[in-house]
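Examining the three-dimensional arrangement
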Amino acid sequence: MFDDLLILLGRFHPLIIHLPIGFIVLGVLIELNKKNLKWSKDALQFIFFWASLSGLFSIITGYLQYQKEGYLWETIQGHLIAGILTVILSFTFYLYLKRNSVFESFKTRLFSFGHILLLSVTGHLGGNITHGEEHLTEPFNNLLGISSSIDQDIDKYYEDFAEKSVFSGLIQPLLDDKCVKCHNMSKSKGGLMLTSEGEMNKGGENGKIFLANNSSDSKLYTY
C-alpha cells in the first residue's frame, strides 16, 4: 500500500513541474520590467519563494517517478541535475531579494538569464524522456526534408522482410513503432523490455507477457 502511495505521488510530477516553471517565467518577466513596476520587489520575493518550494516538490515527485516507473538513471540524470540547479538558483535569488549579504554582489540579470538557460535545458531533457530524443529535431528535419533516424530504423526493419523470419520481419517492427518507446534500455516501464525476442520472453515485474503456443493466457495478446 505504501509503495502504491509513492507511485501515486510520483505520477503527480508532470502536473507539479508546471508550477515552478510558471512562477519562474512570471518572475523573470517582472524582473526584466521592474523599472516600470514599483511593487516588483515584494512580488519577486513571493514568486521565487514559491518557485523554490514547488520546485523542491517537483524534484521529490520526479525522483519517485524515476524509482517506481522503470526509468534508468542514465535517462533521467541530466534532467534531474538541471532541475536541482534551477531550484538552487531560484532560492539563491530569493535570498538575494531578501538582501542576504552573501549574494549582494550578484547582478539581477545574471539570475534572469540563468533561469532562462536552466529552464530551457531542463525542459528539453524532460521532453527527451517523455517524447524521445528527436522530439525537437524531428520537426526541423521534416521541414528540411531530412529523414529522422527513427524513420530510418523503421525502414530498415521492413526492408526485404519476406526474406527474414516472421518475428524480425513483421513483429519486431510493430513493437518498435508502438511499444519500445516505453519498454527499452533507457525506460523499461514495469521492468519490461521489448527490444528483442529474448528480452520479451523474460517478461517484467508482473511476470511473463508471452507464453509459447498459449495466446489466451499471454498478456501480450490479451491486452
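Before any of the text, the structure's been laid out above.
Let me begin by describing the structure that accompanies this report. (Residues numbered from 1 in each chain as written. Predicted model: local features only at pLDDT ≥ 70, side-chain atom pairs only at ≥ 80, totals over all residues. Heavy atoms only, no water.)

It is worth spelling out the layout of surface pockets at this point. Picture a little ball the size of a water molecule; that probe, rolled over the atoms, points out where space is still empty. Space inside the second largest pocket adds up to approximately 720 Å³. Lining the second largest pocket we find 32 residues, and of these H13, I17, H79, T122 and G126 sit closest to its centre. Secondary-structure elements contributing two or more residues to the lining of the second largest pocket are α2 (13-16), α3 (18-32), α4 (40-68), α5 (73-97) and α6 (108-131). A breakdown of the residues in the lining of the second largest pocket according to their chemical character gives 16 nonpolar, 15 polar and one charged. (1 Å grid on protein atoms, 1.4 Å probe; cavity = no way out; pocket = protein on both sides within 12 Å on 5 of 7 lines; lining within 4 Å. Points joined across faces, edges and corners; volume = space filled by probe spheres on them. Helix = DSSP H or I, 4+ residues; strand = E, 2+ residues; numbered from the N terminus. Nonpolar A, V, L, I, M, F, W, Y, C, P; charged D, E, K, R; others polar.)

Where α5 contacts α6, the axes come no closer than 9 Å and their chain directions differ by 155°. Considered as vectors, α5 and α6 are oriented roughly antiparallel to each other. Where α5 crosses over α6, the two elements pack in a sense that is left-handed. In the contact of α5 with α6, the residues fall into 12 nonpolar, 12 polar and no charged. (Axes fitted to C-alpha atoms, helices over the stretch in contact; angles between N-to-C directions. Parallel < 35°, antiparallel > 145°, perpendicular 65-115°, else oblique. Left-handed = near helix turned anticlockwise from the far one by under 90°.)

Core analysis: the biggest nonpolar cluster contains 14 residues, and I24, L44, F48, F93, Y96, L97 and F111 have the highest contact counts within it. Mapped by element, the contributors of at least two residues to this core are α3, α4, α5 and α6. Of all the elements, α5 adds the most residues to this core, at five residues. With residues up to four places along the chain from it excluded, the contact list for L44 reads G27, I30, E31 and L97. Residues Y66, Y71, L80 and V87 belong to the second largest nonpolar core, which totals seven residues. (Core = buried A, V, L, I, M, F, W, Y, C linked by side-chain atoms within 4.5 Å. Buried < 20%, exposed > 50% of the residue type's maximum accessible area, 1.4 Å probe, protein only. Contact = heavy atoms within 4.5 Å.)

The next point concerns the packing of α4 against α5. The N-to-C vectors of α4 and α5 enclose an angle of 160°; their axes lie 8 Å apart at closest approach. With respect to each other, α4 and α5 are oriented roughly antiparallel. The crossing of α4 and α5 is left-handed. Facing K41, L44, Q45, F48, F49, A51, S52, G55, L56, I59, Y63 and Y66 of α4, the residues of α5 in contact are W73, I76, L80, G83, I84, V87, S90, F91, F93, Y94 and L97. Residues that form the contact of α4 with α5 fall into these classes: 17 nonpolar, five polar and one charged.

The next subject is the pattern of salt bridges. Between side chains of opposite charge, a pair can form when the charged atoms approach closely. Throughout the structure, instances matching the rule amount to one salt bridge. Across the pair E31 and K34 runs a salt bridge whose closest N-O atoms are separated by 3.2 Å. Given the relative accessible area of 2%, E31 is considered buried. A relative accessible area of 33% places K34 in the partly exposed class. (Salt bridge = Lys/Arg side-chain N within 4 Å of Asp/Glu carboxyl O.)

Tracing the chain through its elements places G78 in helix α5. Spatially, the C-alpha atom of G78 lies 9.0 Å from that of V121, the residues being 43 residues apart in sequence.

With that out of the way, let us pick up the packing of aromatic side chains. Two descriptors summarise a pair of aromatic rings, namely the distance from one centre to the other and the angle between the planes of the rings. Counting across every chain of the model gives 10 aromatic pairs. Ring geometry for F49 versus W50: centroids 5.4 Å apart, planes at 85°, classification edge-to-face. By way of ring pairs, the aromatic residues F46, F49, W50, F91 and Y94 are connected into one cluster. The positively charged end of R99 is found above the aromatic ring belonging to Y96, 6.0 Å away from the centroid. (Phe/Tyr/Trp six-rings, centres within 6.5 Å; stacked < 30°, edge-to-face > 60°. Lys NZ or Arg CZ within 6 Å of the ring centre and 35° of its normal.)

Here we take up α5. In this model, α5 (25 residues) spans 35 Å end to end at C-alpha, consistent with the 36 Å of a helix rising 1.5 Å per residue. Once α5 ends, the next one or two residues include R99, with phi positive near 65°. (Expected span 1.5 Å × (residues − 1).)

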